[in-house]
Amino acid sequence: AVVSTQSTGEEKMAELLRQGSYEAVMGKASHVEVVHAKRTGYIEAVDALALGKAAILFGCGRQVPGDKIDHTAGIRLLKTKGNKVIEGEAILEVYHNGSLTENTLQKIKGAFTIGEECRPIKRILKIIGDN
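Residues numbered from 1 in each chain as written. Predicted model: local features only at pLDDT ≥ 70, side-chain atom pairs only at ≥ 80, totals over all residues. Heavy atoms only, no water.

Novice: Could you give an account of the overall build of the protein, with specific residues and numbers?
Specialist: The helix and strand tally for the protein stands at five helices and six strands. Counting from the amino terminus, the protein carries its helices and strands in the arrangement α-α-α-β-β-α-β-β-β-α-β. On C-alpha atoms alone, the protein measures out to a radius of gyration of 18 Å, which is more than a quarter above the 14 Å that the 2.2 N^0.38 rule sets for 131 residues. Residues classed as buried in the protein amount to 24% of the 131 residues present. Within the protein, contacts between residues separated by at least 24 positions form 71% of all contacts whose residues are at least 6 apart in sequence. When the accessible surface of the protein is split by element, carbon and sulfur atoms take 51% of a total near 9,100 Å². (Helix = DSSP H or I, 4+ residues; strand = E, 2+ residues; numbered from the N terminus. Rg over C-alpha atoms; globule rule 2.2 N^0.38 Å. Buried < 20%, exposed > 50% of the residue type's maximum accessible area, 1.4 Å probe, protein only. Contact = heavy atoms within 4.5 Å. Areas by Shrake-Rupley, 256 points an atom, 1.4 Å probe, with all protein chains shown as cover.)

Novice: Please provide a residue-by-residue account of the pairing of strand β2 (residues 41-46), values included.
Specialist: Pairing geometry for β2 and strand β4 (residues 84-85), over two bridges, is antiparallel. The partner of G41 across the bridge, within β4, is V85. Pairing analysis gives four bridges linking β2 to strand β6 (residues 112-115), with the strands arranged antiparallel. Bridge pairing links I43 to I114 in β6. (Pairing = 2+ DSSP bridges.)

Novice: I'd like a description of the pattern of salt bridges, backed by residues and values.
Specialist: Between side chains of opposite charge, a pair can form as their charged atoms come close. Applying the stated criterion to the full structure yields three salt bridges. Residues R39 and E116 are paired through a salt bridge, measuring 2.4 Å at the closest nitrogen-oxygen approach. Here R39 is found in the loop between β1 (31-36) and β2, whereas its partner E116 is found in the segment after β6, with 77 residues between them in sequence. The class of R39 is partly exposed, set by a relative accessible area of 31%. Using a relative accessible area of 61% as the deciding quantity, one classes E116 as exposed. Where E89 meets K79, a salt bridge forms, and the shortest distance between an N and an O atom there is 3.2 Å. Of the two residues, E89 is situated in the loop between β4 and β5 (90-96) and K79 in the loop between β3 (74-77) and β4; the sequence distance between them amounts to 10 residues. (Salt bridge = Lys/Arg side-chain N within 4 Å of Asp/Glu carboxyl O.)

Novice: Describe in detail the sheet that holds β1, supporting the description with residues and values.
Specialist: With respect to topology, three strands assemble into an open sheet ordered β1-β5-β3, the strand pairing being antiparallel. Strands at the two margins of the open sheet, each flanked by one partner only, are β1 and β3. Here the average twist between neighbouring strands, direction ignored, is 20 degrees. Sheet topology places β3 next to β5; four bridges connect them, and they run antiparallel. Directly across from R76, in β5, lies its bridge partner E93. Its contacts with the sheet put helix α5 (residues 102-109) on β1, β3 and β5, and the angle it makes with β1 is roughly 40 degrees. (Axes fitted to C-alpha atoms, helices over the stretch in contact; angles between N-to-C directions.)

Novice: Summarise the side chain of T72; cite the residues concerned and give the values.
Specialist: Take T72: it is sitting in the loop between α4 (48-60) and β3. Judged by its relative accessible area of 18%, T72 is buried. Polar side-chain contacts of T72 include one of 2.6 Å to the side chain of D70. Only 2.7 Å separates the side chain of T72 from the side chain of N97, close enough to count as a polar contact. Once you skip the residues sitting within four places of it in the chain, T72 turns out to touch M26, G27, K28, A29, Y95 and N97. (Polar contact = N/O pair within 3.5 Å; in protein donor to acceptor, adjacent residues only side chain to side chain.)

What follows is the structure, given as structure tokens:
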């Protein structure tokens, strides 16, 4: 459906995506807001649910049936859990078309927890089996 909406043939779209030219297919957001680390330390947590809920507010999803989705809007993580960051360093980019409010931006900034120590990331939460 998106291919026909964008008037791009399926083969052409696949080639553009292989080349990393997704903007040629989907378009490009008119604004990019960069979020910076509040302090130096290590990212202890990223609240993905908070980021997802915030993304809906600037067009990445529907709040009510019938809302249009902005396919050019989105969030790009530059740093994630376990990464060392320096105060003022870019940790995230928000792509939008003028619909990002200060309140939503604060929710996005609040999704990151930065601590003093580098803590190991648990990749295996639980092993299930007959031991």
